[in-house]
Amino acid sequence: MEIIGIIILLISILSFVVAIFLTYMKLDKIDRTISAERNAMGVDQDEIINLAISHWRLKKHIERMSGTIDSKDKRRLENVARQFEAFLNNYEAVAEDYTGRTFNEGMNVDVIACEEDPESDRDYVKETESPAVFMDKTLCKRAVVIVARGKKGEEVKEGKKDGEK
């Protein structure tokens, strides 16, 4: 009786593994079909990258202007931005803004300037001049950023505040 139970368990596990494998194969085929359709559309990757950057800039302008334009015009601009985003989603294109993130030497960014920030105890991205662009989760264009360098003195490393001994 125990052997029959073990055999039934093994058969059910095997059928589960086969089902997962077949599902993976179907998803892989769908993914390859989508990629082929994108290539058949004839849209250049550089055009999509430029469009993603333009979309990012439009969103930044809308944020800056939000207090100076009326709500009706703001809604219109936001609708345009959503249309941009819907198109970019078809290509899985994303513009990534690094502003405010902790900076480390291994980031995929091009640093165009460094500024001192005595108020901060860490290095961070002060401003993103141009975003990183990813397509299908693959980096296509590195971000261009300005980095703020925080204090790295002994007091900060040891956790002491200014004036403490």
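Structure's up top.
What this report covers is the structure whose coordinates are included nearby. (Residues numbered from 1 in each chain as written. Predicted model: local features only at pLDDT ≥ 70, side-chain atom pairs only at ≥ 80, totals over all residues. Heavy atoms only, no water.)

As for the sheet that holds strand 3 (residues 124-130)
Moving on, step 1. With mixed pairing, the 3 strands of this open sheet are ordered in space as 2-6-3. Looking at which strands have only one partner, the edges of the open sheet turn out to be strand 2 (109-117) and strand 3. On average, each strand axis in the sheet is tilted by 25° relative to the strand beside it, whichever way the strands run.
Moving on, step 2. Bridge count for strand 3 against strand 6 (residues 143-150) is 5 bridges, and the pairing is antiparallel. Following the sheet pairing, Ser130 is matched in strand 6 by Val144. (Pairing = 2+ DSSP bridges. Helix = DSSP H or I, 4+ residues; strand = E, 2+ residues; numbered from the N terminus. Axes fitted to C-alpha atoms, helices over the stretch in contact; angles between N-to-C directions.)

A closer look at the layout of surface pockets
Over the atoms rolls a probe the size of a water molecule, and its path tells where empty space is left.
Moving on, step 1. Approximately 150 Å³ is the volume attributed to the second largest pocket.
Moving on, step 2. Around the second largest pocket, the lining residues are Trp56, Arg57, Lys60, His61, Arg64, Asp97, Thr99, Lys126, Glu127, Thr128 and Glu129.
Moving on, step 3. Take the lining of the second largest pocket: its biggest share by element is 5 residues, from helix 2 (residues 45-65).
Moving on, step 4. Class assignment of the residues belonging to the lining of the second largest pocket gives a composition of 1 nonpolar, 3 polar and 7 charged. (1 Å grid on protein atoms, 1.4 Å probe; cavity = no way out; pocket = protein on both sides within 12 Å on 5 of 7 lines; lining within 4 Å. Points joined across faces, edges and corners; volume = space filled by probe spheres on them. Nonpolar A, V, L, I, M, F, W, Y, C, P; charged D, E, K, R; others polar.)

What to know about the pattern of salt bridges
In a structure, side chains of opposite charge can pair up when their charged atoms sit close to one another.
Moving on, step 1. Under the defined criterion, the tally for this structure stands at 8 salt bridges.
Moving on, step 2. Where Arg142 meets Asp110, a salt bridge forms, and the shortest distance between an N and an O atom there is 2.9 Å. Taken as a pair, Arg142 in the loop between strand 5 (138-141) and strand 6 and Asp110 in strand 2 lie far apart in primary sequence, 32 residues in all.
Moving on, step 3. A relative accessible area of 35% means that Arg142 is categorised as partly exposed.
Moving on, step 4. What makes Asp110 partly exposed here is its relative accessible area of 36%.
Moving on, step 5. A salt bridge links Lys126 to Glu115; the nearest nitrogen and oxygen atoms lie 2.5 Å apart. With a gap of 11 residues between them, Lys126 in strand 3 and Glu115 in strand 2 connect regions that are remote in the sequence.
Moving on, step 6. Counted as one network, the salt bridges with shared partners bring together Glu105, Asp123 and Arg149. (Salt bridge = Lys/Arg side-chain N within 4 Å of Asp/Glu carboxyl O. Buried < 20%, exposed > 50% of the residue type's maximum accessible area, 1.4 Å probe, protein only.)

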